[in-house]
Amino acid sequence: MATSITSTPRTRPQYLPHHIPDPSYVRILDTTLRDGEQSPGATMTSQEKLYIARQLAKLGVDVIQPGFPSASDDDFMAVKMIAQEVGNSAGADGHVPVIAGFCRCVRKDIALAWEAVKHAKRPRLCTSIATSAIHMEHKLRKSKDEVLQIARDMVAFAKSLGCNDIQFGAEDATRSEREFLYEILGVVIEAGATTVNIADTVGILMPFELGKLIADVKANTPGIANVIISTHCHNDLGLATANTIESESYFQGARAGARQLEVTINGIGERAGNASLEEVEEYSGMHLQPHKALVGVNAFVHASGIHQDGMLKHKGTYQIISPEDIGHKISTGIGIVLGKLSGRQALRKRLEELGYELKEEEVDKLFWHFKAMAEKKKVITDMDLKSLVSHKAFHAEPIWKLSDLQVTCGTLGLSTATVKLVSIDGTTHVACSIGTGAVDSAYKAINIIVKEHVKVLEYSLSSVTKGIGMSATASVVICWENSNPCTYASARDSIYPTFSGTGAEMDVVVSSVEAYLVAVNKLLRCKESLHSE
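Residues numbered from 1 in each chain as written. Predicted model: local features only at pLDDT ≥ 70, side-chain atom pairs only at ≥ 80, totals over all residues. Heavy atoms only, no water.

- By the naming in an unreviewed UniProt entry, the chain is 2-isopropylmalate synthase, taken from Sphenostylis stenocarpa.
- UniProt annotates the chain under Sequence similarities (unreviewed entry) with the comment "Belongs to the alpha-IPM synthase/homocitrate synthase family."
- As its UniProt record puts it under Catalytic activity (unreviewed entry), the chain is described as follows: "3-methyl-2-oxobutanoate + acetyl-CoA + H2O = (2S)-2-isopropylmalate + CoA + H(+)". (UniProt positions renumbered as here; feature names shortened; annotations may be inferred.)

This is the structure:
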């Protein structure tokens, strides 16, 4: 796609993976469906991605990056579907876009991405690994030599699969040691890369600095004349589009600069977003977009599993400014928002913030239920997580079952309840208590038997049938009486490990007791789990 506007249509040059015959032509890689989807709340279904990919092809985008196939089954299917349809459909001018599957420098990721894109007319693999000191030390926990070897081997592996269009991305290239950057780019070019991508992952450079970096890469990288240089600019300081344009035009125009530019529709993407395919002026009265640099609500929020993993290990991997320094209040501690792109460690961290301490196998079991829910929802809320933990992690044979219940209530005296429970070992236990009502007195009697101090956070009752013989459904949410609010919670919005239960009976008190017992059993299972560690 040409960057200049002319009065007559430009002829699109022949597509060659490693070379652009027209010296003034610049390729556009649109990553709306991959990096753009990492914008919190912007996740898309496979059908939504297919529709957008069709529009991008009509727009004339040279390369479409439709997703991260190994992120989820739905993402794999979306990339494969787009490769098969959009990647084989010619436009009015005969143009067929390249379909590029994103993958880490991990063998299984690369193989899965290739399986997703290989049926396109022009398939590409975009593999990436971090090259900055902070990422290698804190996120990858690997030495320079190890990262070099991984990059070399994984590009070679991609080539061995039959892919002749391979893009290597140097994540956080703009904070990388220059000599190491030149070296690793030279290594992957020798191994078979046809495009090398310079990523300003945290949006830290000024335009003149990025332009100079591109010129230095061209001057110092072995074999660089035989490949395409690409840039991927983030908008943390509001300079993504300016940096992208500068990287293309520095010194002698495109001949000495980047020949592929990575963009997204509306500039959406991780944190403050990416370079925008159609940057516009600011108009008064417009609402602040969530990915606005520095001040947008998503500017310090991380949605993808790779970014979340880095943030869990060291905040500096993906944040160049502390959000607190400019007045942002990040309620989750490190700004993680959970969705279909999140990994196990992000899930575990948020559960810990909510007060749950689960065993490894419990997290593994819960993770797949979490991923299934995330395929259907844009963002997984704390209430969703609490429901998952309550219904999945501690679902086991009840420790206590209701045997008999008798209550006395009314206006003539205190409400009393007598409860008989049967324990998991078959023994029966009876207790009596008084309370402010039939339900309250029954709950207090249960607490005497199970020997737990339980606080009721929520209680509701609804009828599911009409008339005098209605069936009542009770719902209850509880926590330990002595629970302390989570470290990350404000006084106004305290967070506790909670447990929920429901019961449906003809008698409202019995229904309420059954719901309470379900919740209490989950609480006790959780306590057992913690004590067994």
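Once the structure has been displayed, the description carries forward.
Some thoughts on the overall build of the chain
Item 1. On a plain count of helices and strands, the chain comes out with 14 helices and 14 strands.
Item 2. Evaluated residue by residue, the chain yields a buried proportion of 53% over its 533 residues.
Item 3. Taking the contacts inside the chain whose residues are at least 6 apart along the sequence as the reference set, 66% of them involve residues at least 24 apart.
Item 4. On the chain, roughly 23700 Å² of surface is accessible, and the fraction owed to carbon and sulfur atoms is 54%. (Helix = DSSP H or I, 4+ residues; strand = E, 2+ residues; numbered from the N terminus. Buried < 20%, exposed > 50% of the residue type's maximum accessible area, 1.4 Å probe, protein only. Contact = heavy atoms within 4.5 Å. Areas by Shrake-Rupley, 256 points an atom, 1.4 Å probe, with all protein chains shown as cover.)

Quick look at the sheet that holds strand β11 (residues 428-435)
Item 1. Read across the sheet, three strands follow the order β9-β10-β11 without closing on themselves; strand pairing throughout is antiparallel. Strands at the two margins of the open sheet, each flanked by one partner only, are β9 (400-408) and β11. On average, each strand axis in the sheet is tilted by 20° relative to the strand beside it, whichever way the strands run.
Item 2. Here strand β10 (residues 415-423) runs beside β11; their pairing, made up of eight bridges, is antiparallel. Bridging across to β11, Val-422 finds its partner in Thr-428.
Item 3. Packing of helix α13 (residues 438-450) onto the sheet brings it into contact with β9, β10 and β11, and relative to β11 it is tilted by some 140°. (Pairing = 2+ DSSP bridges. Axes fitted to C-alpha atoms, helices over the stretch in contact; angles between N-to-C directions.)

Here we look at the pairing of strand β2 (residues 63-67)
Item 1. Counting buried positions along β2 gives five out of five residues, so the element sits mostly inside the fold.
Item 2. Each parallel crossover has a hand, and for strand β1 (residues 27-30) linked through helix α1 (residues 46-59) to β2 it is right-handed.
Item 3. Relative to strand β3 (residues 98-104), β2 runs parallel, the two being bridged by three bridges. Its bridge partner being in β3, Val-63 is matched across the sheet by Val-98.
Item 4. Read as a crossover between parallel neighbours, the route from β2 over helix α2 (residues 73-85) to β3 is right-handed. (Right-handed = clockwise from strand over helix to strand, strands pointing away.)

A closer look at the pattern of salt bridges
One side chain can pair with another of opposite charge once the charged atoms of both are near each other.
Item 1. If you walk through the whole model with that rule in mind, you get 18 salt bridges.
Item 2. Across the pair Lys-212 and Asp-216 runs a salt bridge, and its minimum N-O distance is 2.9 Å. Residue Lys-212 and its partner Asp-216 are both found in helix α7 (residues 207-220); the two are separated by four residues, about one turn of the helix.
Item 3. On the accessibility criterion, Asp-216 (15% relative accessible area) is buried.
Item 4. We note a salt bridge from Glu-360 to Arg-348, for which the minimum N-O separation is 2.6 Å. With a gap of twelve residues between them, Glu-360 in helix α11 (residues 360-374) and Arg-348 in helix α10 (residues 344-353) connect regions that are remote in the sequence. (Salt bridge = Lys/Arg side-chain N within 4 Å of Asp/Glu carboxyl O.)

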